[in-house]
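Read off the chains here:
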Amino acid sequence: MPAHNFYRRLKDRLDLEFLYELTAPYYGRCGQPSIDPVVFFKLCLVARLENIDSDRRLIEHCSLRLDLLYFLGYQLDEPLPWHSTVSRTRQLLPTALFEEVFTRVLSMCTEAGMVAGHTQAVDSALVKANASMGSLELKVPPEQLEARLRQVRIFSSADRRARCDKAPLRATHPHGQAAGAGRAPGPARQVARPAKPTSGRLQQGSQIHF
C-alpha cells in the first residue's frame, strides 16, 4: 500500500470513534450483532467518492480493491457485510443522525485544513414534476398574490398593445377586398391574350391593340 494512496491518508486523518456513542440508542444489546457503525458510514463515504448508487455493486467494488479493504479495516480473506444489511441499516437510522455525522466530519476536515471558504459550488438538476393541478396549495399570503396578478395583467395588456401597434397595414380595393386577395402567391406573370376577330381587310398602316 503506497504512502500517497488516498484512502490510506484518509484513514489516518478520519477518526470516527464517536460513532459508537452516537449510534448506541439504535443498536440492540442481544441477538446477532449488526454491521459496525464505523464500517457502515465508511461504506457510505466510499459510495459517494466512487459514485456508486447500488449497495450490491458497492460491496463487490470494495472486495476487489486492496486500498478500500484497508480503509474499511478488513483482511483479504474476511467477508464484507451483506449488501442487504447495508440497505436495512440505512433505512433504520434517522435523518438527524446522518446530518450530525456530516457536521462532525466537516468540522474535522476544516480543522485539518482540507476545507477552504473561497470557492462554493452548487449542483442542481431540473426535474419536471408529474403532479395534479388540483393538489396545489397556496404558499403566499393572498394580498401578495393579488398584487402579483395585477402586475401580470398590466404586463399582458401592454404587450398586446405593442403587438397591435406593430401589425402591418394592408391596402384594400374600393369594393372592400384586400389587395392581392384571391390571387395565387408568387411572381406576376404576363398572359398573352388572343387577337379579337376583325371583319374585312386591314388597311395599310393600321394597328391592332391588344
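Residues numbered from 1 in each chain as written. Predicted model: local features only at pLDDT ≥ 70, side-chain atom pairs only at ≥ 80, totals over all residues. Heavy atoms only, no water.

### Here we look at the nonpolar core
In step 1: Counting residues in hydrophobic clusters, the biggest one holds 28 residues, and the most contacted among them are L43 and C62.
In step 2: Those residues within four positions of C62 in sequence are excluded, and the remaining contacts are L43, V46, L68, L69, L72 and L80. (Core = buried A, V, L, I, M, F, W, Y, C linked by side-chain atoms within 4.5 Å. Buried < 20%, exposed > 50% of the residue type's maximum accessible area, 1.4 Å probe, protein only. Contact = heavy atoms within 4.5 Å.)

### Focus on the packing of aromatic side chains
In step 1: Evaluation of the coordinates by the stated rule reveals 5 aromatic pairs.
In step 2: Between the aromatic rings of F6 and Y7, the centroid separation amounts to 5.1 Å while the plane-to-plane angle is 80 degrees, which identifies the pairing as edge-to-face.
In step 3: Taking relative accessible area as the criterion, F6 reaches 42% and is therefore assigned partly exposed.
In step 4: Aromatic pair Y7 and F71: ring centres 5.5 Å apart, planes at 55 degrees, arrangement tilted. Highlighted residues: Y7 in helix 1 (residues 6-13) and F71 in helix 5 (residues 66-72), separated in sequence by 64 residues. Neither Y7 nor F71 differs from the other in exposure class; each is buried.
In step 5: In this structure an aromatic cluster arises from ring pairing among F6, Y7 and F71.
In step 6: One Lys or Arg, K11, reaches over the ring of Y70 and ends 4.3 Å from the middle of that ring.
In step 7: One residue, K42, lies across the ring of F71, its end atom 4.8 Å from the ring centre. (Phe/Tyr/Trp six-rings, centres within 6.5 Å; stacked < 30°, edge-to-face > 60°. Helix = DSSP H or I, 4+ residues; strand = E, 2+ residues; numbered from the N terminus. Lys NZ or Arg CZ within 6 Å of the ring centre and 35° of its normal.)

### Some thoughts on helix 7 (residues 95-111)
In step 1: Over its 17 residues, helix 7 extends 25 Å from the first C-alpha to the last, a length consistent with the 24 Å expected when each residue adds 1.5 Å.
In step 2: Within helix 7, the full set of buried residues consists of L97, V101 and C109. The buried residues of helix 7 occupy one face: seen down the axis, they fall within an arc of 105 degrees. The exposed residues of helix 7 that point more than 90 degrees off its buried face are T95, A96, E99, F102 and E111.
In step 3: The first or second residue beyond helix 7 is G113, which carries a positive phi of 75 degrees. (Expected span 1.5 Å × (residues − 1). Arc of directions from axis to C-beta.)

### A short note on the packing of helix 4 (residues 55-63) against helix 6 (residues 83-92)
In step 1: Their axes nearest at 8 Å, the elements helix 4 and helix 6 cross at an angle of 125 degrees. One finds that helix 4 runs oblique with respect to helix 6. Our pair here, helix 4 against helix 6, has a crossing hand that is right-handed. For the pair helix 4 and helix 6, the contacting residues are D55, R56 and I59 in the first and H83, V86, S87 and R90 in the second.
In step 2: Taken together, the residues of the contact of helix 4 with helix 6 break down into 2 nonpolar, 2 polar and 3 charged. (Axes fitted to C-alpha atoms, helices over the stretch in contact; angles between N-to-C directions. Parallel < 35°, antiparallel > 145°, perpendicular 65-115°, else oblique. Left-handed = near helix turned anticlockwise from the far one by under 90°. Nonpolar A, V, L, I, M, F, W, Y, C, P; charged D, E, K, R; others polar.)

### A look at the confidence of the model for the protein
In step 1: Mean pLDDT for the protein: 76, with 70% of residues reaching 70 or above.
In step 2: This model gives residues 198-202 a pLDDT under 50, and the stretch forms 1 contact once residues within four places in sequence are excluded. (pLDDT = per-residue confidence, 0-100.)

### Description of unusual backbone geometry
In step 1: The residue N51 is not glycine, and still its phi comes out positive at about 60 degrees.
In step 2: By secondary structure assignment, the location of N51 is in the loop between helix 3 (37-49) and helix 4.

### Considerations on the pattern of salt bridges
In step 1: Considering all chains together, one arrives at 5 salt bridges under this definition.
In step 2: A salt bridge links R90 to D55; the shortest N-O distance between them is 2.8 Å. Here D55 lies in helix 4 and R90 lies in helix 6, a separation of 35 residues in the sequence.
In step 3: Salt-bridge contacts for R104 lead to E100; the nearest nitrogen and oxygen are separated by 3.0 Å. Pair noted here: R104 and E100 are both in helix 7, with a separation of 4 residues, about one helical turn.
In step 4: Judged by its relative accessible area of 32%, E100 is partly exposed.
In step 5: Here the salt bridges share partners, and the residues they tie into one network are E50, R65 and D67. (Salt bridge = Lys/Arg side-chain N within 4 Å of Asp/Glu carboxyl O.)

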